[in-house]
Amino acid sequence: MFKNLAVWLVIGLVLMTVFNQFNNRQVTQSSMEYSQFIEEVGKGTIAKVVIEGRVLKATTTDGRKLTSYAPPDLWMVSDLLKHGVKIEAKPEEEQSFLMSIFVSWFPMLLLIGVWIFFMRQMQGGGRGGAFSFGKSKARLLDESTNTITFADVAGCDEAKEEVSELVDFLRDPSKFQKLGGRIPKGVLLVGNPGTGKTLLAKAIAGEAKVPFFSISGSDFVEMFVGVGAARVRDMFENAKKHAPCIIFIDELDAVGRQRGAGLGGGNDEREQTLNQMLVEMDGFEASVGVIVIAATNRPDVLDPALMRPGRFDRQVVVPLPDIRGREQILVVHMRKVPLSPDVKADIIARGTPGFSGADLANLVNEAALFAARGNKRLVDMEDFEKAKDKIMMGAERRSMVMNEDERRNTAFHESGHAVVAKLMPKSDPVHKVTIIPRGRALGLTMQLPEEDRYAYDRVYLMSRIAVLFGGRIAEELFMNQMTTGASNDFERATQMARDMVTRYGMSDALGPMVYGENDGEVFLGRSVTTHKNMSEATMEKVDAEIRRIIDEQYALARRLLDKHRDKVEAMAEALLELETIDADQINDIMEGKPPRPPKQPQASSSNKPDHNAPDAAPSATAPA
């Protein structure tokens, strides 16, 4: 903004300088002082003088051209005639009428231009200039702009099937209308961040072959009151002109939050915008042929009037992908990178539970970056394993140097987690254990479920609590000390036990009942005050039950580690030597065998790293 303003100011100064030069133009060539001019007249060397206002243009007897400026002198003409000088008088050249008007009005025009510039900047520079506050910012996408189709969307087959009905209706309305059906006026895409809601909407635009208006929820509200409602009206008016068409509103919760929220008044501008949207979607004058598709990951904060049938008739849940969906998403993203023959999308999908579509896209990208860092021509399975570890456990911090006592303590801490996890029923398999600092942790034990989990039973949760206590207990048994490294373990174990008692009804003493405070969100208008719904006696029972669960699982984990001390010590020694051990090595240790050597990366002839590349970073060792 300041750069553009500076350019305009410089242009204005240059123009003013040029006009001043036109106004005060003087011939500087062969100019002379007036006194010298009088002397030349007295000598008789001046033959002719042309008088233009106060400018004297003289011609000498030898043909030279001289110019001078004359002050008010009443006797100059008589002196010239006395010395035989021919005199010619001409009127002074006047500035053109248009030029004088422009020069006079230029400063005012410059100020008006600066004002318009600032007004456009304040209202976002929308199309239509400084007075386009109420114009919609929706972008109209055509077929050439958007090339994404349903083939580019994977992992959400049910959601694709529901939204594909919109495409079928827009292409052949009679198929539904002959049976008395009508197209939904609005479709709300709901899902966690990164599950592909916006991508699904782009695919609808690519498949529908109809006008597609795209806008974000934050584009409606500006600093001026009434702008949001005006933009909603303008957007629907443009959509009606292009009907049948689709309007896509991304991040609907930015404008569709529940009305009346907040203490001491609400945001009137946002509420006016929401009211106008409610009227346009299903008011007195319905929008025929206009389908509204919106995406949000916060459906709980939306206004109930916006969610009713007739406005958003259908809610399409875009969930996190299951193992089959993750495999399909990986196949889509793997088309863009050259893959080694050993890469198996199904194996990667099995080892990435809970990943969203965006996470999987990031996984493929990180694997490609690891391959490029190793000067490889193809991305192999080892690169995907490194990328998965980086995303799930954090980046390695090999430059962080720990002394031998801290490394040994970390090794026993992680060995305690792993051994308890291998011995507890229904516990997730241990995938990898490392004492290399990653992210904010000094070491990590990673468990991966064998299949996707959608509900957890009591035995599983109890096992999780015991596994979390395994690290601290191993420190006590083998290092005879307590460190701060188990603080996060305790926090997670306590929260899990509290949820079992207060939310999940997994306590025999308190029964299947929800205990806890009202978690109503004040600034969403859900509750004006929060209040306790438990008596002091009940709270004491809850605390006692949480304490019982924690003490029982702590004692159970201690008995297991005390009974299998040899396995813990063997695993800690393996970690101190290898720094990272995988599931096969962990199984060897639990069976009483020495752990097998780590797998060496296999470089095929088509995927050999450059021999001039630097060697891999050495394993971190304790200082001497």
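Per an unreviewed UniProt entry, the protein is named ATP-dependent zinc metalloprotease FtsH, and its organism is Candidatus Accumulibacter cognatus. Its UniProt record gives the protein a comment under Subunit (unreviewed entry), which states: "Homohexamer." Recorded in UniProt for the protein, the comment headed Function (unreviewed entry) runs: "Acts as a processive, ATP-dependent zinc metallopeptidase for both cytoplasmic and membrane proteins. Plays a role in the quality control of integral membrane proteins."

Re the overall build of the protein
Per the secondary structure count, the protein includes 20 helices and 13 strands. For the protein, with 624 residues in total, the buried portion stands at 42%. For the protein, long-range pairs separated by at least 24 residues make up 73% of all intrachain contacts whose partners lie at least 6 apart in sequence. Element-wise, carbon and sulfur atoms account for 55% of the exposed surface of the protein, whose accessible area totals about 34500 Å².

Details of the UniProt feature "active site" (unreviewed entry) in the protein
In the UniProt entry, the feature "active site" (unreviewed entry) is given for Glu414. If you trace the backbone, glutamate 414 turns up in helix 15 (residues 404-423). Exposure remark for glutamate 414: the relative accessible area of 6% places this residue in the buried category. What glutamate 414 contacts, discounting residues up to four positions off in sequence, is Val433, Thr434, Ile435, Gly443, Leu444, Thr445 and Leu575.

Topic: the sheet that holds strand 4 (residues 86-90)
Taken in spatial order, the 4 strands line up as 3-2-1-4 in an open sheet, and their pairing is mixed. Here the strands that pair on one side only, and so sit at the sheet edges, are strand 3 (65-69) and strand 4. Between one strand axis and the next, the sheet turns by 20° as a mean value, whatever way the strands run. Pairing of strand 1 (residues 46-52) with strand 2 (residues 55-60), which is carried by 6 bridges, proceeds in the antiparallel orientation. Residue pairing across strands places valine 49 opposite alanine 58, the latter belonging to strand 2.

A look at helix 17 (residues 487-502)
Along its 16 residues, helix 17 runs 22 Å from first to last C-alpha, staying within 8% of the 22 Å computed at 1.5 Å per residue. Among the residues of helix 17, those classed as buried are Asp489, Ala493, Met496, Ala497, Asp499, Met500, Val501 and Thr502. Packed against the buried residues of helix 17 are helix 15, helix 16 (458-479) and helix 18 (536-563).

Observations concerning a nonpolar patch on the surface
A contiguous nonpolar patch, built from Ile101, Trp105, Met108, Leu109, Leu111, Ile112, Trp115 and Ile116 and spanning about 790 Å² of accessible area, is present on the exposed surface. When you line up the elements, isoleucine 116 lands in helix 4 (residues 97-122).

As for the sheet that holds strand 11 (residues 430-434)
In space, the 3 strands of this open sheet follow the order 12-11-13, with antiparallel pairing throughout. For this open sheet the edge positions go to strand 12 (444-447) and strand 13 (580-582), each flanked by a neighbour on one side alone. With strand direction ignored, the average angle separating the axes of adjacent strands in the sheet is 10°. Bridge count for strand 11 against strand 13 is 3 bridges, and the pairing is antiparallel. Bridge assignment links lysine 432 to a residue of strand 13, and that residue is aspartate 582.

Describing the pattern of salt bridges
Here the structure, examined in full by the defined rule, presents 28 salt bridges. The shortest N-O distance in the salt bridge between arginine 298 and aspartate 300 comes to 3.3 Å. Of the charged contacts, one joins lysine 376 and glutamate 382 as a salt bridge, the two residues approaching to 3.7 Å between their closest N and O atoms. A relative accessible area of 27% means that glutamate 382 is categorised as partly exposed. Each member of the salt-bridge network shares a partner with another, and the members are Lys376, Asp380, Glu382, Asp383 and Lys386.

Overview of the side chain of arginine 464
Inspection of the secondary structure puts arginine 464 in helix 16. Nearest to the buried, unbridged arginine 464 among oppositely charged side chains is aspartate 428, at 5.7 Å. Excluding anything up to four places from it in sequence, arginine 464 contacts Gln447, Arg492 and Met496.

Here is what the cut-offs are and how they apply
Residues numbered from 1 in each chain as written. Predicted model: local features only at pLDDT ≥ 70, side-chain atom pairs only at ≥ 80, totals over all residues. Heavy atoms only, no water. UniProt positions renumbered as here; feature names shortened; annotations may be inferred. Helix = DSSP H or I, 4+ residues; strand = E, 2+ residues; numbered from the N terminus. Buried < 20%, exposed > 50% of the residue type's maximum accessible area, 1.4 Å probe, protein only. Contact = heavy atoms within 4.5 Å. Areas by Shrake-Rupley, 256 points an atom, 1.4 Å probe, with all protein chains shown as cover. Pairing = 2+ DSSP bridges. Axes fitted to C-alpha atoms, helices over the stretch in contact; angles between N-to-C directions. Expected span 1.5 Å × (residues − 1). Patch = residues over 30% accessible without salt bridge, like charges linked within 9 Å, V, L, I, M, F, W, Y side chains within 5 Å. Salt bridge = Lys/Arg side-chain N within 4 Å of Asp/Glu carboxyl O. Lys, Arg positive; Asp, Glu negative; His and termini not counted.

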